[in-house]
Amino acid sequence: MKRTIQVKEVPNLKEAAKRELNVKPEFIYQSVEIDDTMKSIGKNKKFFVRTYGCQGNLRDGEVIEGILARMQFEKTEDMNEADVIILNTCAVRENAEKKVFGEIGLLKKLKLANPDLIFGVCGCMVQQEHIVKRILETCEHVDLVFGTHNIHHLPTLLKEAYFSKERVVEVLSNQGNIAEDLPSIRASKTKAWVNIMYGCNKFCTYCIVPYTRGKERSRKSIDILNEVQELKDAGYKEITVLGQNVNAYGKDLNDISFAKLLEKIALIGIDRIRFTTSHPWDFSDELIDVIAKYDNIMPHIHLPVQSGDDDILRRMGRRYNSKTYLELVDKIRSKIKDVAITTDIIVGFPNESEENFENTMKLAEKVRYDGAFTFIYSPRVGTPAAKLKDNVDMKTKKERFNRLTDLISKIQLEIYKKYQDKIVYVLVDGYSKTNDTILSGYTEDMKLVNFKGNAKFIGQIVPVMITNCKTFTLEGEMVETRCLNNQ
Ligand code: SAH
Ligand code: SF4
Ligand code: F3S
């Protein structure tokens, strides 16, 4: 028998695309309310949360875990023993969505074996009308669907799913508020993500994010600085401040600029500060100067270019051209010593010609990126680009994609080779993913280093002599004496 569905709100693309500048976001303090029935509902029960997508979404996953822990659920890494399973999804490309539907299918057997299991799906995917429809129609075992704007409602939504036995759906398509005082279980004890703003107003023509994340809205600087101070006091060594376009920070609030915010964060004195993502369009001189001035702001800038062709950039709605982008890169390099620059590139935007693509190759050759995430364009329902008829076949796109990744890897290896016999400073994350006698971590300029060293240095910044350079990683040995002197 089909269960009834309690639809509180389903997403709506038109609503999600609205940007009313006079409507200010509401700041909700003490945003997570847990009523008495839910305060200890998780006792002797476990949760499993899996997150896909960007760092912003990973941060949301940490908050979801924190909220569940407040109801006394315990975290498990094994979904087979979980009483609550939540998939926190990403919608940026079709592949991400396919994986999630695959996983939803696999989870059916767990729900059949344990009918009391609560299975929730949240995140960017379910901010889309057609996805919610598909889940409701074809995935009867999903109990709870909630979106990116109402994570702090989780206790109430979970209560309804538990006690009503109905399937509960609440996905808001408003422009978004700002929920503060969110509990969280951070993934690391040394590195933390800090949101400084939510949403995006850029509406690049290929991108779903502005629809799934709402209006660009900044947290108050005081709330951000308090969070950073708490992280410092808790012993964190690195923070990454997050936003879809951090350079736009504060513009909606009449608060300080991103450059000023970053300076204030630097002055708190955390060892390493990173930020992502910065859109080339509003990257200010003031920001470059602040990055150059403070040693604890890391010399790495992720500067997504998307394409090296002016016509494609215009059609993507990126608001810069190859010339202004290259000028920005030059300015950054002239002012910030030893800065690493990485990027995102989309291959196969609708009707991309061979000449358009060649311009991207040329730009990649000129910039010489320290690394790049490259993607094949994926049409996203409801975006302007998805309505375009495309005259380029997938075989051509894949062939261009391979040419581009070959070029990027070749240049990357050349850059990485310059680290041979040099000493770099690595914040030690833990054991390498593939070998538990080898430690791994990142340099100041964001190179992954695998090295022989003592596990007692996990969580610390140590000097490492580079002995071998590969395309994506450096290998080396810890310089023990220098390090011991520091103790
Ligand atoms: N706000 C960030 C990007 C967030 S999405 C920025 O503007 O830089 C991360 C990356 O995914 C983008 O930079 C883009 O390269 C890629 N991407 C976004 N939409 C895509 C699509 N429809 N198809 C393929 N790649 C896409
Ligand atoms: Fe997407 Fe463009 Fe916004 Fe980045 S700036 S999230 S690519 S719309
Ligand atoms: Fe994906 Fe949403 Fe992030 S679409 S990339 S999880 S903002």
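Residues numbered from 1 in each chain as written. Chains lettered and ligands numbered in written order. Predicted model: local features only at pLDDT ≥ 70, side-chain atom pairs only at ≥ 80, totals over all residues. Heavy atoms only, no water.

Another point: the packing of helix 12 (residues 322–335) against helix 13 (residues 354–367). One way to put it is that helix 12 packs onto helix 13 with a least axis distance of 11 Å and a crossing angle of 10°. Taken together, the axis directions place helix 12 and helix 13 in an arrangement best described as roughly parallel. Along the contact surface, helix 12 presents Ser 322, Tyr 325, Leu 326, Val 329 and Arg 333, while helix 13 presents Leu 363, Lys 366 and Val 367. The class makeup of the residues in the contact of helix 12 with helix 13 is five nonpolar, one polar and two charged. (Axes fitted to C-alpha atoms, helices over the stretch in contact; angles between N-to-C directions. Helix = DSSP H or I, 4+ residues; strand = E, 2+ residues; numbered from the N terminus. Parallel < 35°, antiparallel > 145°, perpendicular 65-115°, else oblique. Contact = heavy atoms within 4.5 Å. Nonpolar A, V, L, I, M, F, W, Y, C, P; charged D, E, K, R; others polar.)

With that settled, consider helix 6 (residues 154–164). One turn of the α-helix equals 3.6 residues, which is why residues spaced by three or four share an orientation. Inspection of helix 6 places Leu 154, Pro 155, Leu 157, Leu 158, Ala 161 and Tyr 162 among the buried residues, and these make up the whole buried set. Around the axis of helix 6, the buried residues are gathered within 165° of arc, so they sit on the same side. The inward-facing, buried residues of helix 6 abut strand 1 (5–9), helix 2 (55–70), strand 5 (84–89), strand 6 (118–123), strand 7 (144–146) and strand 8 (167–170). Looking one or two residues beyond helix 6, the residue adopting positive phi is Lys 165, at roughly 60°. (Buried < 20%, exposed > 50% of the residue type's maximum accessible area, 1.4 Å probe, protein only. Arc of directions from axis to C-beta.)

Here strand 8 shows no split at all, with Arg 167 and Val 169 on one side and Val 168 and Glu 170 on the other all buried. Where strand 1 and strand 8 come together, four bridges link them in parallel fashion. Counterpart to Glu 9 in the pairing with strand 8 is Glu 170. The sheet contact formed by strand 7 and strand 8 spans three bridges and is parallel. Its bridge partner being in strand 8, Phe 146 is matched across the sheet by Glu 170. Tracing the backbone out of strand 7, into helix 6 and back to the parallel element strand 8 gives a crossover that is left-handed. (Pairing = 2+ DSSP bridges. Right-handed = clockwise from strand over helix to strand, strands pointing away.)

What follows is about a nonpolar patch on the surface. On the surface, Ile 5, Val 7 and Val 10 cluster together into a nonpolar patch covering about 220 Å² of accessible area. Looking at the element boundaries, Val 7 is found in strand 1. (Patch = residues over 30% accessible without salt bridge, like charges linked within 9 Å, V, L, I, M, F, W, Y side chains within 5 Å. Areas by Shrake-Rupley, 256 points an atom, 1.4 Å probe, with all protein chains shown as cover. Salt bridge = Lys/Arg side-chain N within 4 Å of Asp/Glu carboxyl O.)

Every residue lining ligand 3 is accounted for by Cys 54, Asn 57, Cys 90, Ala 91, Val 92, Cys 124, Arg 213 and Gln 244. When its residues are assigned to classes, the shell around ligand 3 shows five nonpolar, two polar and one charged. (Near = heavy atom within 4 Å.)

Moving on: the sheet that holds strand 10 (residues 191–195). Taken in spatial order, the three strands make up an open sheet running 10-13-14, and their pairing is parallel. In the strand order of this sheet, the two ends are held by strand 10 and strand 14 (272–276), each with one partner. Across the sheet, the mean angle separating the axes of adjacent strands is 25° when strand polarity is ignored. Pairing analysis gives five bridges linking strand 10 to strand 13 (residues 238–242), with the strands arranged parallel. Residue Lys 191 lies in a different strand from strand 13, and its bridge partner there is Glu 238. Those strands touched by helix 2 are strand 10, strand 13 and strand 14, and its axis lies near 100° from that of strand 10.

For the rest of this paragraph, the subject is the side chain of Ser 31. Tracing the backbone through its elements, the reader meets Ser 31 in the loop between strand 2 (27–28) and strand 3 (46–51). Polar contacts involving the side chain of Ser 31 include one to the main-chain carbonyl oxygen of Glu 180, which spans 2.7 Å. Those residues in contact with Ser 31 that lie beyond four places of it in its chain are His 152, Ala 179, Glu 180 and Leu 182. (Polar contact = N/O pair within 3.5 Å; in protein donor to acceptor, adjacent residues only side chain to side chain.)

The next thing to look at is the domain arrangement of the chain. Per the domain assignment, the segments making up the chain are domain 1 (5–170), domain 2 (188–298) and domain 3 (420–486). The centre of domain 1, based on its C-alpha atoms, is set 26 Å off from the matching centre of domain 2. Between domain 1 and domain 2 lies a buried interface of about 2100 Å² when both sides are counted; carbon and sulfur atoms form 56% of it. Between the two partners, domain 1 and domain 2, sit two salt bridges. Linking Arg 213 and Asp 60 is a salt bridge whose minimum nitrogen-to-oxygen distance equals 2.7 Å. The interface formed by domain 1 and domain 2 holds eleven residue pairs in polar contact (both at pLDDT 80 or more) in total. Mapped by element, the contributors of at least two residues to the side of domain 1 that touches domain 2 are helix 1 (13–17) and helix 2. When grouped by side-chain class, the residues that make up the side of domain 1 that touches domain 2 number 13 nonpolar, seven polar and six charged. (Domains from an automatic or database assignment. Buried area = accessible area lost by both parts, 1.4 Å probe.)

A separate point is the packing of helix 8 (residues 221–233) against helix 9 (residues 258–268). Close contact between helix 8 and helix 9 brings their axes to 10 Å; oriented N to C, the two are set at 25°. It follows that helix 8 is roughly parallel to helix 9 by the angle criterion. Of the two possible hands of crossing, helix 8 and helix 9 adopt the one that is right-handed. Across from Ser 221, Ile 224, Leu 225, Val 228, Gln 229 and Lys 232 in helix 8, the residues of helix 9 making contact are Leu 261, Lys 264, Ile 265 and Ile 268. Its residues assigned to classes, the contact of helix 8 with helix 9 shows six nonpolar, two polar and two charged. (Left-handed = near helix turned anticlockwise from the far one by under 90°.)

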